[in-house]
Amino acid sequence: MLPLREIDRFARTVDETWRSPVADAVAAAWGRPPGAARWWRSSATHVVVLPASDDVPRAYLRFAPADVVPRESVETVARLTTALVEDGLAIAPLLPSADGDVVTVATDLGPVHATCVLAARGSELDLDELTDARARTWGGVVAAFHDATDRVAVLAPDVVHALPTLGARLAAAAETLAGLGDVEAAVAARTVGDRLAGRDDGPGTTTVVHGDLELDNLAWDGDAVTVFDLDEATRAPHAVDLAHALRDLVEAGRPRPGLRRLHEAVVTGYLARRPALEPELADLPLLHAALAAVSAGRVASVLAEGLDLPDDVLPDLRTRLAGLLAGHRRDLLAAVAP
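Residues numbered from 1 in each chain as written. Predicted model: local features only at pLDDT ≥ 70, side-chain atom pairs only at ≥ 80, totals over all residues. Heavy atoms only, no water.

S.K.: Sorry, what's going on with the sheet that holds strand E1 (residues 38-42) here?
M.R.: Through backbone hydrogen bonds, the strands of a sheet pair up, either in parallel or in antiparallel fashion. Within the open sheet, the 5 strands sit side by side as E1-E2-E3-E5-E4. Their pairing is antiparallel. Every interior strand has two partners, whereas the edge strands, E1 and strand E4 (103-105), have only one. Ignoring which end each strand starts from, the neighbouring axes of this sheet average 30° apart. Pairing between strand E3 (residues 59-65) and strand E5 (residues 112-118): 7 bridges, direction antiparallel. The partner of Pro-65 across the bridge, within E5, is Val-112. (Pairing = 2+ DSSP bridges. Helix = DSSP H or I, 4+ residues; strand = E, 2+ residues; numbered from the N terminus. Axes fitted to C-alpha atoms, helices over the stretch in contact; angles between N-to-C directions.)

S.K.: Whenever I open this one, the packing of aromatic side chains confuses me. Can you help?
M.R.: The geometry of an aromatic ring pair is captured by two quantities: the separation of the ring centres and the angle between the planes. The tally for this structure, following the rule as stated, stands at 4 aromatic pairs. Seen in terms of ring centroids, Phe-10 and Phe-63 are 5.6 Å apart; in terms of plane orientation they differ by 80°. Their pairing is edge-to-face. Placement of the pair is Phe-10 in helix H1 (residues 4-11) and Phe-63 in strand E3, with a sequence separation of 53 residues. Just as Phe-10 is buried, Phe-63 falls in that class too. Both rings, one in Trp-40 and one in Tyr-60, keep their centres 6.0 Å apart while their planes meet at 70°; by these two values the pair is edge-to-face. Taken together, the residues Trp-40 in strand E1 and Tyr-60 in strand E3 connect sequence positions 20 residues apart. Among the aromatic residues, those joined into a cluster by ring pairs are Phe-10, Trp-18, Trp-39 and Phe-63. (Phe/Tyr/Trp six-rings, centres within 6.5 Å; stacked < 30°, edge-to-face > 60°. Buried < 20%, exposed > 50% of the residue type's maximum accessible area, 1.4 Å probe, protein only.)

S.K.: Would you explain the environment of Gly-306 in this entry?
M.R.: Relative to the elements of secondary structure, Gly-306 occurs in the loop between helix H10 (284-305) and helix H11 (315-336). Remark: the alpha-carbon pair of Gly-306 and Arg-71, spanning 235 residues in sequence, is separated by 24 Å. Contacts of Gly-306, omitting those with residues within four sequence positions, involve Leu-4 and Arg-318. (Contact = heavy atoms within 4.5 Å.)

S.K.: Would you mind showing me how to read the pattern of salt bridges here?
M.R.: Side chains bearing opposite charge may pair, as long as their charged atoms lie close to each other. Summed over all chains, the structure comprises 19 salt bridges. A salt bridge links Arg-274 to Asp-150, with the nearest nitrogen and oxygen atoms 2.8 Å apart. Residue Arg-274 is located in the loop between helix H9 (260-273) and H10, and its partner Asp-150 is located in helix H4 (residues 132-155); the two are separated by 124 residues in the primary sequence. Judged by its relative accessible area of 11%, Arg-274 falls in the buried class. (Salt bridge = Lys/Arg side-chain N within 4 Å of Asp/Glu carboxyl O.)

S.K.: When you look at the packing of helix H7 (residues 183-195) against H10 in this model, what are you seeing that I'm missing?
M.R.: Helix packing for two helices is described by the angle between their axes and how far apart those axes are. H10 packs onto H7 with a crossing angle of 135° between their chain directions and a minimal axis gap of 10 Å. By the angle between their directions, the pair H7 and H10 is classed as oblique. Both H7 and H10 take part in a crossing whose hand is left-handed. Mapping the contact onto sequence places Ala-189, Val-192 and Arg-195 in H7 and Leu-286, Ala-289, Ala-290 and Ala-293 in H10. Here the contact of H7 with H10 is composed, by residue class, of 6 nonpolar, no polar and 1 charged. (Parallel < 35°, antiparallel > 145°, perpendicular 65-115°, else oblique. Left-handed = near helix turned anticlockwise from the far one by under 90°. Nonpolar A, V, L, I, M, F, W, Y, C, P; charged D, E, K, R; others polar.)

S.K.: Sorry if this is basic, but what is going on with the side chain of Arg-62 here?
M.R.: Within the secondary structure layout, Arg-62 lies in strand E3. Judged by its relative accessible area of 13%, Arg-62 is buried. With near-sequence residues (within four places) excluded, Arg-62 lies in contact with Arg-41, Thr-45, His-46, Val-47, His-113, Ala-114, Thr-115, Val-117, Asp-229 and Asp-231.

S.K.: Would you take a moment to explain the packing of helix H6 (residues 166-179) against H10 for this structure?
M.R.: Axis separation between H6 and H10 bottoms out at 8 Å; the angle between their running directions is 50°. On the basis of the axis angle, H6 is oblique to H10. The hand of the H6/H10 crossing is left-handed. Residues Leu-166, Arg-169, Leu-170, Ala-173, Thr-176 and Leu-177 of H6 touch H10, and the partners they reach there are Leu-287, Ala-290, Ala-293, Val-294, Ala-296, Gly-297, Arg-298, Ala-300 and Ser-301. Tallied by class, the residues present in the contact of H6 with H10 amount to 10 nonpolar, 3 polar and 2 charged.

S.K.: What's the story with the nonpolar core in this structure? I'm lost.
M.R.: The nonpolar side chains of soluble globular proteins are, as a tendency, buried together. Counting 86 residues, the largest nonpolar core has Leu-80, Leu-84, Trp-138, Leu-166 and Val-192 as the members making the most contacts within it. By residue number, the principal contributor to this core is H10, which donates 14 residues. Among all residues touching Leu-84, those that are not within four sequence positions of it are Leu-89, Ile-91, Phe-145, Ala-148, Thr-149, Val-152 and Leu-230. Counting residues in hydrophobic clusters, the runner-up holds 19 residues, among them Val-22, Ala-37, Val-103 and Ala-114. (Core = buried A, V, L, I, M, F, W, Y, C linked by side-chain atoms within 4.5 Å.)

S.K.: When you look at the pairing of strand E8 (residues 224-227) in this model, what are you seeing that I'm missing?
M.R.: Look at any regular strand and the pattern is simple: side chains alternate between the two faces of the sheet. Looking at chain direction, strand E7 (residues 218-221) and E8 are connected through 4 bridges and run antiparallel. Its bridge partner being in E8, Leu-218 is matched across the sheet by Val-227. Count of turn residues in the E7/E8 antiparallel hairpin: 2 residues, of which Gly-222 carries a positive phi of about 70°.

S.K.: What's the story with a negative patch on the surface in this structure? I'm lost.
M.R.: Residues Glu-124, Asp-126, Asp-128, Glu-129, Asp-216 and Asp-248 make up a contiguous surface patch of negative charge. Overall, Asp-216 belongs to the partly exposed group, its relative accessible area being 42%. (Patch = residues over 30% accessible without salt bridge, like charges linked within 9 Å, V, L, I, M, F, W, Y side chains within 5 Å. Areas by Shrake-Rupley, 256 points an atom, 1.4 Å probe, with all protein chains shown as cover. Lys, Arg positive; Asp, Glu negative; His and termini not counted. Charge placed at Lys NZ, Arg CZ, Asp CG, Glu CD.)

Below is the structure:
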């Protein structure tokens, strides 16, 4: 997630119609006139909408400050996206600018690295719209993603090895939590990392996971599903993506009461396509703990960096993040409790 200070800086450039001169500067690299871009949201990146025009479909500009997100990271995600499109995966493709897929743009807030993604057909589903059949489809989509990344890993190993590993993300989370004085959570994160050691970067390992295959990163058009947003792509065990997909269906790593059937349907849909991965599913509770640790480190860092901001800066977001941190921390500690 972007620093709160950065989100606030950009938000202050946005007017009551959701236009921003910063967004206009980025949109110009894709040939759009001032006022065309409209702010959508800010999280891992700033996202603005480019409405459909006569000859260009609806698209989303995604950009982040050059001093926060390295260009190499943006380029790796762009290359992975293009490789998956070329493999035939149903994934939202990039819309290149005249200068390529990734553009560094000078703005009033400093240089930003930007990409543009075509809007996926369909819409997102809420959890209460999920049926058993859709849950099985969701699991199949996760499996199809892994089918594609396994092929891409063979054809483009340099792209794969430019991605961070789950182990590296866990180590970074533990270091962050320790540096912020949360020794208990840091020790728990290291414990989870030790238990998963070697599973994301061992000899011959080329697993690439999406890193965030929850419902809000899938567009449904009838039974057709399109994947988008690869910002969290990671080298990790395949089951990490199932752990992500199931995150809203579990509590402390176990299916939540009343949602077990949907949980089982997602897993069934996955195994119908990749039955050989069934033994890996035994690690789901531990992988849920790993995701909780990584998320706790990330959210704790964002909150800590914003401690010196005035109380009236993004108060609702800060409250929501504090609640998320408490939940991630609870799940992490529960997973390593004796």
